[in-house]
Amino acid sequence: MAKYIPEPFRIKAVERIRLLSREERTERIKEAHYNLFNLKSEDIYIDLLTDSGTNAMSSEQWAGIMNGDEAYAGSKSFQSLLEVCHDIFRYRHFQPVHQGRAAEKVLFPLLLGEGKYAIANTFFDTTRAHVELAGAKALDAVVPEAKEPNLDAPFKGNMDTEKLLCLIEEYRRKIGLIVMTVTNNSAGGQPVSMANLRAVSKIAKEHGIPFCLDAARFSENAYFIKEREADYENKSLKEIVREMFSYADMFTMSAKKDALLNIGGLIGIKDDEELYRKVATRTISYEGFLSYGGLAGRDLEAMRIGLLEALDPAYLRFRIGQVRYLLERLEEAGIPCQKPSGGHGVFVDAKGLLPHIPYHQFPGHALAVELYIEAGIRSCEIGSFLLGRDPETGEQLEAEFEFTRLAIPRRVYTQTHLDYVADALAEIKKRRETIKGYEIVWEPPVLRHFQAKLNAL
Ligand SMILES: *Cc1c(COP(=O)(O)O)cnc(C)c1O
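Quick caveat, the model's predicted, so the values are computed rather than measured.

Definitions and cut-offs
- Residues numbered from 1 in each chain as written.
- Predicted model: local features only at pLDDT ≥ 70, side-chain atom pairs only at ≥ 80, totals over all residues.
- Heavy atoms only, no water.
- Helix = DSSP H or I, 4+ residues; strand = E, 2+ residues; numbered from the N terminus.
- Rg over C-alpha atoms; globule rule 2.2 N^0.38 Å.
- Buried < 20%, exposed > 50% of the residue type's maximum accessible area, 1.4 Å probe, protein only.
- Contact = heavy atoms within 4.5 Å.
- Areas by Shrake-Rupley, 256 points an atom, 1.4 Å probe, with all protein chains shown as cover.
- Disulfide = S-S within 2.5 Å.
- Pairing = 2+ DSSP bridges.
- Axes fitted to C-alpha atoms, helices over the stretch in contact; angles between N-to-C directions.
- Salt bridge = Lys/Arg side-chain N within 4 Å of Asp/Glu carboxyl O.
- Near = heavy atom within 4 Å.
- Polar contact = N/O pair within 3.5 Å; in protein donor to acceptor, adjacent residues only side chain to side chain.
- Nonpolar A, V, L, I, M, F, W, Y, C, P; charged D, E, K, R; others polar.
- Core = buried A, V, L, I, M, F, W, Y, C linked by side-chain atoms within 4.5 Å.
- Domains from an automatic or database assignment.

### Some thoughts on the overall build of the chain
Working step 1: Secondary structure assignment for the chain yields 16 helices and 14 strands.
Working step 2: Relative to a compact globule of 457 residues, whose C-alpha radius of gyration would be 23 Å, the chain shows 22 Å and is just as compact.
Working step 3: Overall size of the chain, expressed as C-alpha extent along the three principal axes, is 60 × 55 × 45 Å.
Working step 4: Here the chain, with 457 residues, has 58% of them falling under the buried criterion.
Working step 5: Residue pairs at least 24 apart in sequence account for 73% of intrachain contacts in the chain once pairs closer than 6 positions are excluded.
Working step 6: Of the roughly 19,500 Å² that the chain leaves accessible, carbon and sulfur atoms contribute 50%.

### Digging into the state of the cysteines
Working step 1: Counted under the stated rule, the structure contains zero disulfides.
Working step 2: Of all cysteine sulfurs, the one in Cys380 lies closest to Cys337, which takes part in no disulfide; the gap is 15 Å.
Working step 3: You can call Cys337 buried: its relative accessible area is 3%.

### Examining the sheet that holds strand 9 (residues 345-349)
Working step 1: With antiparallel pairing, the three strands of this open sheet are ordered in space as 9-12-11. Edge positions in the sheet fall to strand 9 and strand 11 (380-382), since each has one partner strand and no second. When the angles between neighbouring strand axes are averaged without regard to direction, this sheet yields 35 degrees.
Working step 2: Of the pairings in the sheet, the one linking strand 11 to strand 12 (residues 403-407) comprises three bridges and is antiparallel in character. Directly across from Glu381, in strand 12, lies its bridge partner Thr404.
Working step 3: Of the strands in this sheet, strand 9 and strand 12 touch helix 12 (residues 313-332), which is tilted by about 25 degrees from strand 9.
Working step 4: Set on the sheet, helix 14 (residues 363-375) makes contact with strand 9, strand 11 and strand 12; between it and strand 12 the angle comes to about 45 degrees.

### Describing the pattern of salt bridges
Working step 1: For the coordinates displayed, the defined rule picks out 30 salt bridges.
Working step 2: Of the charged contacts in the structure, one is a salt bridge between Glu243 and Arg198, with a shortest N-O distance of 3.2 Å. Taken as a pair, Glu243 in helix 9 (residues 237-246) and Arg198 in helix 7 (residues 194-206) lie far apart in primary sequence, 45 residues in all.
Working step 3: Assessed through its relative accessible area of 36%, Arg198 is described here as partly exposed.
Working step 4: In this structure, Arg448 engages Glu443 in a salt bridge whose closest nitrogen and oxygen atoms are separated by 3.2 Å.

### Considering the sheet that holds strand 2 (residues 93-97)
Working step 1: Read across the sheet, seven strands follow the order 2-8-7-6-5-3-4 without closing on themselves; strand pairing throughout is mixed. Bordering the open sheet on either side are strand 2 and strand 4 (137-140), each of which pairs with just one other strand. Going from strand to strand, the sheet's axes swing by 20 degrees on average, the running direction of each strand aside.
Working step 2: Two strands pair when backbone bridges link them, and strand 7 (residues 250-254) and strand 8 (residues 265-269) are joined in this way by five bridges, in the antiparallel orientation. In the strand pairing of strand 8, Phe251 is matched with Gly268.
Working step 3: Relative to strand 5 (residues 175-181), helix 6 (residues 161-171) is tilted by about 165 degrees, and along the sheet it contacts strand 3 (117-120), strand 4 and strand 5.

### Details of the site of the ligand
Working step 1: Close to the ligand lie 15 residues; Gln99, Arg101, Asp214, Ser254 and Lys257 are nearest.
Working step 2: Gln99 places a polar side-chain atom, nitrogen or oxygen, 2.8 Å from an oxygen atom of the ligand.
Working step 3: One of the side-chain N or O atoms of Arg217 is found 2.8 Å from an oxygen atom in the ligand.
Working step 4: Across the complex, the protein chains shield 98% of the 380 Å² of accessible surface that the ligand would expose by itself.
Working step 5: It is helix 4 (residues 100-107) that contributes the most residues to the shell around the ligand, three residues altogether.
Working step 6: The class makeup of the residues in the shell around the ligand is two nonpolar, seven polar and six charged.

### Things to note about the nonpolar core
Working step 1: Counting residues in hydrophobic clusters, the biggest one holds 65 residues, and the most contacted among them are Phe89, Phe211, Phe218, Phe245, Phe251 and Leu307.
Working step 2: The greatest single-element share of this core, amounting to seven residues, is contributed by helix 3 (residues 76-89).
Working step 3: Summarising the domain contributions, this core has at least three residues from each of domain 1 (22-51 + 312-456) and domain 2 (59-309).
Working step 4: Those residues in contact with Phe211 that lie beyond four places of it in its chain are Ile178, Val179, Met180, Leu197, Val200, Ser201, Ala204, Tyr247, Ala248, Asp249 and Met250.
Working step 5: Formed by 51 residues, the second largest nonpolar core is a distinct cluster that contains Leu36, Ile357, Ala366 and Ile428.

In structure tokens form, the structure reads like this:
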């Protein structure tokens, strides 16, 4: 039987959620043109759409909200955020911004441009978009294990260093940036090992290429290193984080993930004064003055506290344990999933569960719709529906995987909620042959999954 690690917190404020009747749910999803992004959050019982910005803040963070210094310049909240950032990351410069993609927008054009390339273990969507908006091309070099959902390997988020070297050989001086996404979001929240960070850092230095961490899930990654990598078991999480960041020259961070905020972002520059000055200039143009960077003083206060709470071992043990528990419950019910569980969610292998639905009828999406109808749970397709069409031929592409992602918001749901999710999927499995695919009846030209209208077949 799966084992649940009890919450290392108790509940002080609650938010009502309600479960509509099956008839109402069937009606609502039809009105939403079978697109889960069109549902109203009040019509959802358990919302596993994303772990981004959906965190529950602590009472300490809420107290920080009241204490925020809203001065335009020289805010006390900015100063205390800097102190905590220096202590955790050991970089010289930090710049708050309004979210992760703002960090990318400010930083990337300083390192990339027309004819340049950036290489990552796997680029997150907005990160790839900002590489391209800067005029450069984005290349992925993730280890081959990442592409085998059934293979239980400890660090499936790693960069393939041989492939990295080949790409450096091929493009030489055109490479403007190497990015390591920790954890590797697009590969299912799989972690990157310290050994891999060290190796990539060495390669970057030898070739004179700047090395940037995409650090949204820095503390979850640190926890996996402590748990799985030799010689790190007895190190503190802060020591592990310091070592991780010591290998890079800079970082961008969406603070909507591990920093336990609802909105926020951060840039860190280790010691390049000239680069920092340019970052500061662009921040003022796009985000606001340096001591608030597109956020309110209270947000900076909540970020400071969230960064510290993110490194609490009891919290991380619970957090990673909760995700693992859901995976184990699903495995007990014979539901195929990506293994091992990552940091922020469980990826159900919809192709394995619904083999009768072809990729162009979107099995991952069909399962997500079914989960809403069955139990009022919102999840998200990561597969051919998300991937889209060949830009030249307009033909639907076939994704490598057809996943239904169950992202787990931090500190929001309890064991009973997760049991309810597992039971709902077990119920769906019983009648899986009856589940039908979907066709798109309308779609916009870019990022279609947010707005497309679908029909049940
Ligand atoms: C969420 C995320 C981003 C973008 O951050 P936003 O705060 O959503 O703008 C960038 N990289 C990774 C790895 C992320 O998970």
